[in-house]
Amino acid sequence: MSENELGKKWDRCLADGAVKIGAGLGLGIVLSVVFFKRRTWPISFGLGTGLGMAASNCQNDLRSHYVLHGRVKEQEQ
Amino acid sequence: MLRLSVRVADAAARRRLCQRGPRIILQHSRPYTEGNTGGSAAKIVAAGLVSLGGGIGGTVLYAKWDSQFRTTVEKNVPYSDLLFGLALGPATSLDSTPTKKQLELAQPPSLMLEEANSSKNKAKKVKKAEVPSVTAATTPASNIEEAAAEASHIISAMGEVPSVPAPQDSEAPKEQCEECHQLSPPEMALSSEEPSEPGDVLTAPEEPLKERPAEEVTARIAQQDQADQDTLAFVSDKLEDSLASSATTTLQAIAAQEAALQAILQHTQKLKEAMETEVSAEQRSSHWKDLEDAVCARSRNVEEAGAALVQARASLDSLRAVVESAKDSRVAALRPMVLAAEENLHSMTVDLDRAVDKVQSVESEAKIVSQYSELVNEAKQQFQRELSSITPEIQANWKGLSGTLSVDDLNALIAHAHRRIDQLNREMAEQRVREQVHIEAALEQQKLEDQKALEKAVSLAVEHNLERARLEQERKQVELREVMEAEMRTQLRRQAAAHTDHLRDVLKVQEQELQAEAEEVLSSKMTEQETRYRQLTQEQLDNFTLDMNAAYARLKGMEEAIDSHVIAEEEARKAHQLWLSVEALGYTLRSSSLDSLTRPLEPAAQAIRESCQDEFAVALAAALPEESLQRGVYSEESLRARFNALRSLARRVALVDESHNSLYQYFLSYLQAALLFEERQEAPPAKISSQDLDPFKILSYASYSLEQGDLELAAKLVNQLRGEARRVVQDWLVEARLTLETKQVVSLLSAYANAVGLGTTQAP
């Protein structure tokens, strides 16, 4: 149902956000832990990256309908 | 005609005058037409009636005068015979010659009526009158010729039966016979008193010769034969009777004559004896007594003989008369009888005459003897007278006194005797002298007498000879006639044979002709009957065919009606089925709970498709959207409910569209949705332009419409949503569209089913 789509999208979005945030967090944490001597910027970076990626994904997902997809068709000889 | 022309003129006058408008002139014209028409018409009618009456009267009068004209008119004009019968009385074609018939009848009845009056039977008079009338017609002809003519006439009458009028001779007696039958006896008696001439008999009858049919001819011939037979019988009876009577009387007469003869002979003998034998007185007296007896006997016998002779002669005369009358009769069979009777008569007369002659001769002898005896008596008487004159005492009867005579008387007697003897001697001498003269005289006398007797005998003998000759002639005639008859019969037989042959041929030809005719008639009748039969059968067939056709047509009509009924019922059934299926579809359409789909409409649609083969319904059923069929559609309530759920979502994404679809927009739209308040339901105006519409209004209008149940308007309104809201409501829209479509189809179907049902429903 089309009305559920948005909800689904939001779910995905949220899920994805959560994942990405988590992943970012994790990565940040990891990075922070690993690479960046437990600074918080990688976590926030990671979090931010995660969030940003999630937001971007969410937006893309939400926008996906309106984006035109073109395909290259071979010209007929 | 006149009236018509007058009416036309009147109409023309009216038309002309009507323009001026005067009624007076019209009223003037009316009596003009009425009066004149009546007068002239009455005149014409009167003239016509007068002429008609005159014509009829003239015809009747002329018919009364001329009967032939009458008969022609009666033949040609039907019912004129009734008119003539009324006016003139019945027409008889013989009315014109009544007197002639009476004249014809007058002569023959006069011959026979005197004879017939002696007979007692009056009924025979008619037949008798017939026969003489029959005979009178042909009296002039000779017997053989008339017989021949009669035979020829009979043959001709029989041979030409159809339409040849019989010849006059045979016609006239038939006419007369008819007249005999028609006339009553008193009329005949009346007519017999009129003297007539035989010449009138054979005048040609003026009335038209009516030919009688064969049966009448044969009847007449049979009647004639019967009449002949009757006359034959009658005449023969009469002849026999008279013959018998005359024979008896003649025999009686002859016997009487014989007796008389004998008596006379005896008497003469006695007389002679008495004269000659001079015997004794007693013998003499006995002689004289015998003589007297003989005289008495003789006289008696003679009287008797005379009476018997008279009677015999009378009967002979009557017999002769009968014979004569019978001779007049035309019947041939009588002739030998007549002849025999005549011969008998002749022989009887001859015998009678002979006997009479004998008697007469004997009488003459007796007369001589009596004369002699008379003379002797006279002499004796004289002698006695002389004696008595001489001797007066002696009485007359001196024979008885023979013993008492005196001498004187004896002397006187002797003297007288002597004188007498002398006288006688003298007389004898005288006689001797006169002997010659006397003898001559006697001879003369004798001659005379002989002559007379001879004449008489001669005449008698001549008569007898004549009679015999006549009888001989008659006999010869009869024989000849018989021979002729036989020959005639043979000729007639031959002719009859020829006639029969001819008749046979003619009959054969006729038979053939008649057969051909009859066959023709039969065949024509048969063909007629056949054609009629065929016609009848054809008619019957036609009628039957017509009936059959009619019945067939009716049957066909009934069948068609039934078929149409069936069809109609089928249609009705189909319509009902359609309706039912549509109802089922509708029910299926309604058969959903709040949030769920209806049942799939496929079965119902299938039912519809199966139930009716109607194109429209099938098309409509095919027009049902696939999803509705397979999956079912959402009911309005579910849609409504869904919309209510959708509304908030659509509110939330109201600002998001193609160009504005970032998250920020999402946030903004969410904010808007949280902050904006609109009417929950708002009645949409009649006209909406796209500028007026924003999602919130649209949604409120749609909500209102939905609440009102107007899914279509709601869908329309929702269709106005753009952007993400539209994307959000897309499914709902699709579902709404489906539902709407389905509903539309279903409504169409139901309307169609209703219409069809209405169409097929028969009003009671």
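Residues numbered from 1 in each chain as written. Chains lettered and ligands numbered in written order. Predicted model: local features only at pLDDT ≥ 70, side-chain atom pairs only at ≥ 80, totals over all residues. Heavy atoms only, no water.

**Student:** Looking at this model, I keep getting lost on the overall build of chain A. Mind explaining?
**Tutor:** Looking only at helices and strands, chain A features two helices and zero strands. A buried classification covers 25% of the 77 residues belonging to chain A. Of all intrachain contacts in chain A linking residues separated by at least 6 positions in sequence, the fraction that spans at least 24 positions is 57%. Accessible surface, chain A: about 5600 Å² in total, of which carbon and sulfur atoms supply 61%. (Helix = DSSP H or I, 4+ residues; strand = E, 2+ residues; numbered from the N terminus. Buried < 20%, exposed > 50% of the residue type's maximum accessible area, 1.4 Å probe, protein only. Contact = heavy atoms within 4.5 Å. Areas by Shrake-Rupley, 256 points an atom, 1.4 Å probe, with all protein chains shown as cover.)

**Student:** Is there a simple way to explain the overall build of chain B in this structure?
**Tutor:** Scanning chain B from N- to C-terminus turns up 21 helices and zero strands. By the burial criterion, 31% of the 764 residues in chain B qualify as buried. In chain B, the proportion of contacts linking residues at least 24 apart, taken out of those at least 6 apart, comes to 73%. Carbon and sulfur atoms make up 58% of the accessible area of chain B, which amounts to about 47100 Å² in all.

**Student:** Hey, could you run me through the pattern of salt bridges in this one?
**Tutor:** Any two side chains of opposite charge can pair, so long as their charged atoms come close to each other. Residue and element names in this part refer to chain B. This structure, assessed with the given rule, holds 19 salt bridges over all chains. Among the salt bridges present, the one from Glu636 reaches Lys743, with a minimum N-O distance of 3.5 Å. Taken together, the residues span a long stretch of sequence, with Glu636 in helix α17 (residues 636-652) and Lys743 in helix α21 (residues 723-760) at a distance of 107 residues. Residue classification places Lys743 among the partly exposed positions, given a relative accessible area of 31%. Within the structure, one salt-bridge network assembled from shared partners comprises Glu472, Arg475 and Lys476. (Salt bridge = Lys/Arg side-chain N within 4 Å of Asp/Glu carboxyl O.)

**Student:** Before we go on, may I ask you to explain the interface of chain A and chain B in this structure?
**Tutor:** Where the parts come together, the accessible area they lose is often given as the size of the interface. Across the contact, 14 residues belong to chain A and 20 residues belong to chain B. Carbon and sulfur atoms supply 57% of the area that chain A and chain B bury against each other, a total of about 1500 Å² over both sides. Its largest share of buried area at the contact with chain B, chain A owes to Glu3, Leu6 and Tyr66 of chain A, together 42% of the area lost on that side. Taken together, chain A and chain B are joined by zero salt bridges. Counting every contact that joins chain A to chain B gives three residue pairs in polar contact (both at pLDDT 80 or more). Looking at the side of chain A that touches chain B, the elements with two or more residues in it are α1 (2-35) and α2 (41-63) of chain A. (Buried area = accessible area lost by both parts, 1.4 Å probe. Polar contact = N/O pair within 3.5 Å; in protein donor to acceptor, adjacent residues only side chain to side chain.)

**Student:** Is there a simple way to explain the side chain of Glu636 of chain B in this structure?
**Tutor:** Residue Glu636 of chain B is classed as buried on the basis of its relative accessible area, which comes to 16%. Leave out the neighbours within four places in its chain, and Glu636 of chain B touches Gly709, Leu711 and Lys743 of chain B.

**Student:** Looking at this structure, how should I read the packing of helix α19 (residues 695-708) of chain B against helix α20 (residues 711-719) of chain B?
**Tutor:** To characterise two packed helices, one gives the angle between the axes of the helices and the distance between these axes. All names here are of chain B. The geometry of α19 relative to α20 is characterised by a closest axis approach of 7 Å and an angle of 165° between their N-to-C directions. Of the possible angle classes, the one that applies to α19 and α20 is roughly antiparallel. For the element pair α19 and α20, the recorded crossing hand is left-handed. The residues of α20 that touch α19, namely those facing Ile698, Tyr701, Ala702, Ser705 and Leu706, are Leu711, Leu713, Ala714, Leu717 and Val718. Classifying every residue of the contact of α19 with α20 gives nine nonpolar, one polar and no charged. (Axes fitted to C-alpha atoms, helices over the stretch in contact; angles between N-to-C directions. Parallel < 35°, antiparallel > 145°, perpendicular 65-115°, else oblique. Left-handed = near helix turned anticlockwise from the far one by under 90°. Nonpolar A, V, L, I, M, F, W, Y, C, P; charged D, E, K, R; others polar.)

**Student:** Please explain the packing of aromatic side chains as it appears in this structure.
**Tutor:** Any pair of aromatic rings gets described here by the distance separating the centres and the angle formed by the planes. If you walk through the whole model with that rule in mind, you get six aromatic pairs over all chains. Between Trp10 of chain A and Tyr666 of chain B, the aromatic rings sit 5.7 Å apart at their centres with planes inclined by 90°, giving edge-to-face as the arrangement. Pair noted here: Trp10 of chain A is in helix α1 and Tyr666 of chain B is in helix α18 (residues 663-675), and the two residues belong to different chains. Since its relative accessible area comes to 0%, Tyr666 of chain B is described here as buried. Both rings, one in Trp10 of chain A and one in Tyr670 of chain B, keep their centres 6.0 Å apart while their planes meet at 75°; by these two values the pair is edge-to-face. With Trp10 of chain A in helix α1 and Tyr670 of chain B in helix α18, this pair bridges two chains. (Phe/Tyr/Trp six-rings, centres within 6.5 Å; stacked < 30°, edge-to-face > 60°.)

**Student:** Can you walk me through α1 of chain A in this structure?
**Tutor:** Working note: α-helix, 3.6 residues per turn, so residues spaced by three or four point in the same direction. Of all the positions in α1 of chain A, only Ser2, Glu3, Leu6, Lys9, Cys13, Asp16, Gly17, Lys20, Gly24, Gly28 and Ser32 of chain A are classed as buried. Immediately beyond the C-terminal end of α1 of chain A, within one or two residues, lies Lys37 of chain A, with a positive phi of roughly 40°.

**Student:** Hey, could you run me through unusual backbone geometry in this one?
**Tutor:** Excluding glycine, residues mostly carry a negative phi; peptide bonds, for their part, are mostly trans. Despite not being glycine, Tyr79 of chain B has its phi angle at roughly 65°, a positive value. You can call Tyr79 of chain B exposed: its relative accessible area is 67%.

**Student:** What is the right way to look at the packing of α17 of chain B against α19 of chain B in this model?
**Tutor:** Residue and element names in this part refer to chain B. The contact between α17 and α19 brings their axes to 11 Å, and the two run at 170°. The angle between the axes of α17 and α19 places the two elements in the roughly antiparallel class. Each of Arg640, Phe643, Arg647, Ala650 and Arg651 in α17 lies in contact with α19, whose residues at this interface are Phe696, Leu699, Ser700, Ala702, Ser703, Leu706 and Glu707. The residue inventory of the contact of α17 with α19, partitioned by class, reads six nonpolar, two polar and four charged.

**Student:** What exactly am I supposed to notice about the nonpolar core here?
**Tutor:** Nonpolar side chains in soluble globular proteins tend to be buried together. Residues Leu6 of chain A together with Phe643, Val718, Leu721, Val728, Val729 and Trp732 of chain B are the most contacted members of the largest nonpolar core, which totals 31 residues. Ranked by the residues each element gives to this core, the list is headed by α21 of chain B, at six residues. When sequence neighbours within four positions are dropped, the list of residues in contact with Phe643 of chain B reads Leu699, Ala702, Ser703, Leu706, Val718 and Trp732 of chain B. Formed by 23 residues, the second largest nonpolar core is a distinct cluster that contains Ile254, Ala260, Ala312 and Leu316 of chain B. (Core = buried A, V, L, I, M, F, W, Y, C linked by side-chain atoms within 4.5 Å.)

**Student:** When you look at the environment of Leu646 of chain B in this model, what are you seeing that I'm missing?
**Tutor:** One can find Leu646 of chain B in helix α17. For Leu646 of chain B, a relative accessible area of 1% puts it in the buried group. Leu646 of chain B sits 53 residues away from Leu699 of chain B along the chain, and the two C-alpha atoms are 9.5 Å apart. The residues touching Leu646 of chain B, leaving out its near neighbours within four places in the chain, are Glu3 of chain A together with Val728, Val729 and Trp732 of chain B.

**Student:** Help me understand the confidence of the model for chain B, please; the structure alone is not making it clear to me.
**Tutor:** Keep in mind that low pLDDT regions are not for reading the predicted coordinates in detail. All names here are of chain B. Mean pLDDT over chain B works out to 73, with 72% of the residues at or above the 70 mark. Predicted confidence in chain B is weakest over helix α9 (residues 185-193), with a mean pLDDT of 42, and strongest over α18, with 88. Residue range residues 94-143 is modelled with pLDDT below 50. Its contacts to residues more than four positions away, or to other chains, number 86 contacts. Below pLDDT 50 for its whole length, residues 154-207 participates in 91 contacts with residues either more than four positions away or in separate chains. Scoring of the predicted complex yields 0.37 for pTM and 0.88 for ipTM. (pLDDT = per-residue confidence, 0-100.)

**Student:** Would you mind going over the environment of Val728 of chain B with me for this structure?
**Tutor:** In this structure, Val728 of chain B sits in helix α21. Looking at Val728 of chain B, the relative accessible area reads 1%, which means it is buried. For Val728 of chain B and Arg647 of chain B, which are 81 residues apart along the polypeptide, the C-alpha to C-alpha distance reads 9.7 Å. Filtering out sequence-adjacent residues up to four positions away, Val728 of chain B remains in contact with Ser2, Glu3 and Leu6 of chain A together with Leu646, Leu649 and Val653 of chain B.

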